[in-house]
Amino acid sequence: MAEYDFDLFTIGAGSGGTRAARIAAGHGARVAVAEERYLGGTCVNVGCVPKKLLVYASHFAEDFEDAGGFGWSVGERRHDWPRLIAHKNEEIARLNGVYRRLLEGAGARIFDARAELVDQHTIRVDGQTVTAERILVATGGWPTVPEFPGSDLVINSNDAFFLDDLPERIVIVGGGYIAVEFAGIFSGLGAKVTQLYRGPLFLRGFDDDVRETLAEEMIKKGVDLRFNSVVECVTKTDGGSLLVDLADKETIEADLVMYATGRHPNTAGLGLEAAGVTLDDKGFIVVDDDWRTSVESIFSIGDCTNTIQLTPVAIKEGHILADRLFGPKGRAMDYDAVPSAVFSQPSIGTVGLTEAAARARYTRIDIYKSAFRPMKHTLSGRDERTLMKLVVDRDTDRVVGAHMIGPEAGEIIQGLAVAMKAGATKADFDATVGIHPTSAEEFVTMREPEPEPAQEAAE
Ligand SMILES: Cc1cc2nc3c(=O)[nH]c(=O)nc-3n(C[C@H](O)[C@H](O)[C@H](O)COP(=O)(O)OP(=O)(O)OC[C@H]3O[C@@H](n4cnc5c(N)ncnc54)[C@H](O)[C@@H]3O)c2cc1C
């Protein structure tokens, strides 16, 4: 008889946990997965997937307007938020079913319940105690709303996916990608949106040109963007609206206030400390290069560790870990040049180093930039610009960063990410024939680097 009930027990069936469980079971391991809330985790239920569906919904507003320039007359337009949410919920329920079938089909046992660690090999789940040779903690993260007077009156990104109605006036607090995406969603669907961010410019960590361009474009689209803006308190009026008091003494009246001010790891109350698992000062599980925690038999991947918080990263970590534990070894996780997109309006795609990061790392870099009005808007008349940018290490000619803001930026940057992984040089980009007429072809037709910034040229 086996010493343990399972070879692998995975806590959390999100992006990372599901992949690890599926691959491990495929290698013949006896696998169990516990999921306390929803199969597919954050991405499927309150993240990437529903968000992108809402982005599609909101973009129709501009598409209808743009159609006029192409000869279309579009009649009366009205948006039905409850219908959108009902359709979105149906799609998510379908995906939950797909996840269940994938796991069960691979031979994993699912516990639809919360799991907690008892010790290094023991888990408490669904009123019973089970044992496993190895345990994988893939419990993800949760939105953080700071404590302040009135914080109980605000919603987070999880709640935003299940609103009964679309409020007329919405204040969004935060400067990360989730905040700008929701600003675009709500604004496109017709709400009056004010976005508040306490720093001088949102999307810290993205390329500065991209950040500035997005701010300009969002303002053009009617989002009331306020930087260096700090909320002091939120109160409710007798009439039911919310008053957001800012540190500069201004008050904004709104029907809904959403906080998108970061996320924290889902690691409290899991029994981690009792099992001897070390957490860092922010509550992330500390792991080594093999995703092993301070306890030999316990591993952790995804958003509950201090990794890049993206679904494909969690998935790849889960896949490689399962291979290493139960299948062919060899593949290493490469965290360099992980591409990502922001589904803002217009959208952003980015891979590699920003201009600022490249200047800090390399002695000499060249910047290639192209800013233009996309062809579609010559007839639509829309005043929206696209920006593309390449960052090149002059000494090796390697392209070390590619950034774009404009329609389908994520779709375009994904291909460039492959080229960059393969070590493409600017000469390789130049040798590539463009696809005409596209925006993407600009990436292979930029010939002249930008002039050196003044202080560098003077050195
Ligand atoms: C609004 C939003 C938009 C996003 N958009 C994108 C995007 O466009 N692209 C992208 O790549 N990433 C996006 N992300 C990030 C992405 O969703 C996460 O990086 C990804 O889901 C992390 O996967 P994970 O497996 O680590 O955790 P999760 O997917 O969070 O899964 C963890 C699971 O563990 C379960 N769980 C927790 N504790 C227990 C317990 N004790 N017992 C049982 N189950 C438990 C949770 O219920 C959850 O289902 C977005 C996130 C948000 C919030």
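Now for a look at the structure at hand. Bear in mind that the values here come from a model prediction, so they are computed numbers and not experimental data.

Conventions used here
- Residues numbered from 1 in each chain as written.
- Predicted model: local features only at pLDDT ≥ 70, side-chain atom pairs only at ≥ 80, totals over all residues.
- Heavy atoms only, no water.
- Helix = DSSP H or I, 4+ residues; strand = E, 2+ residues; numbered from the N terminus.
- Expected span 1.5 Å × (residues − 1).
- Buried < 20%, exposed > 50% of the residue type's maximum accessible area, 1.4 Å probe, protein only.
- Contact = heavy atoms within 4.5 Å.
- Pairing = 2+ DSSP bridges.
- Axes fitted to C-alpha atoms, helices over the stretch in contact; angles between N-to-C directions.
- Disulfide = S-S within 2.5 Å.
- Near = heavy atom within 4 Å.
- Polar contact = N/O pair within 3.5 Å; in protein donor to acceptor, adjacent residues only side chain to side chain.
- Areas by Shrake-Rupley, 256 points an atom, 1.4 Å probe, with all protein chains shown as cover.
- Nonpolar A, V, L, I, M, F, W, Y, C, P; charged D, E, K, R; others polar.
- Salt bridge = Lys/Arg side-chain N within 4 Å of Asp/Glu carboxyl O.

### Brief notes about helix H12 (residues 409–421)
Consideration 1: Here H12 contains 13 residues, and its C-alpha end-to-end distance of 18 Å stays within 8% of the 18 Å for a straight helix at 1.5 Å per residue.
Consideration 2: Restricting attention to buried positions, one finds in H12 the residues Ala409, Ile412, Ile413, Leu416, Ala417 and Met420.
Consideration 3: Where H12 is buried, its residues meet strand E18 (348–352), strand E21 (399–405) and helix H13 (426–431).
Consideration 4: Just past H12, the residue glycine 423 takes up positive phi, approximately 85 degrees.

### Quick look at the sheet that holds strand E13 (residues 251–254)
Consideration 1: An order of E11-E12-E13 is seen for the 3 strands of this open sheet, with the pairing classed as antiparallel. Since the sheet does not close on itself, it has two edges, and those belong to strand E11 (231–236) and E13, each with one partner. Here the strands of the sheet are splayed against their neighbours by 20 degrees on average, with no regard to which way each runs.
Consideration 2: When strand E12 (residues 242–246) meets E13, the two strands line up antiparallel, connected through 4 bridges. In the sheet register, leucine 243 faces E13, and the bridge partner there is glutamate 253.

### Details of the state of the cysteines
A covalent bond between the sulfur atoms of two cysteines is what we call a disulfide.
Consideration 1: Under the definition given, this model contains 1 disulfide.
Consideration 2: Between the sulfur of cysteine 43 and that of cysteine 48 lies a disulfide, 2.5 Å long from S to S. Its S-S torsion of approximately -135 degrees makes the covalent link between cysteine 43 and cysteine 48 left-handed.
Consideration 3: Relative accessible area serves as the criterion here: at 10%, cysteine 43 is assigned to the buried category.

### Concerning the site of the ligand
Consideration 1: Surrounding the ligand, one finds 37 residues, the nearest of these being Gly16, Glu35, Thr42, Lys51 and Asp303.
Consideration 2: For the ligand, a nitrogen atom lies 3.1 Å from a polar atom in the backbone of glutamate 36.
Consideration 3: The contact in question runs from an oxygen atom of the ligand to an N or O atom on the side chain of lysine 51, over 2.5 Å.
Consideration 4: The fraction of the free accessible surface of the ligand (1,000 Å²) that becomes covered by protein chains is 96%.
Consideration 5: Put simply, the parts of the chain that give the shell around the ligand at least two residues each are helix H1 (15–26), helix H2 (41–46), helix H3 (48–67), helix H6 (177–188) and helix H9 (311–326).
Consideration 6: Here the shell around the ligand gets 4 residues from one element, more than from any other, and that element is H2.
Consideration 7: Tallied by class, residues from the shell around the ligand come to 16 nonpolar, 14 polar and 7 charged.

### With respect to the pattern of salt bridges
Consideration 1: Going through the model one piece at a time under the given rule, you end up with 35 salt bridges.
Consideration 2: Here arginine 382 ties to glutamate 62 by a salt bridge, and the two come within 3.6 Å at their closest N and O atoms. Note that arginine 382 is positioned in the loop between helix H11 (376–380) and strand E20 (386–393) and glutamate 62 in helix H3, a separation of 320 residues in sequence. With respect to burial, arginine 382 and glutamate 62 carry one shared label: buried.
Consideration 3: A salt bridge links glutamate 355 to arginine 359; its shortest N-O distance comes to 3.0 Å. Note that glutamate 355 and arginine 359 are positioned in helix H10 (residues 355–361) at a spacing of 4 residues, about one turn of the helix.
Consideration 4: Its relative accessible area of 18% is what places glutamate 355 among the buried residues.

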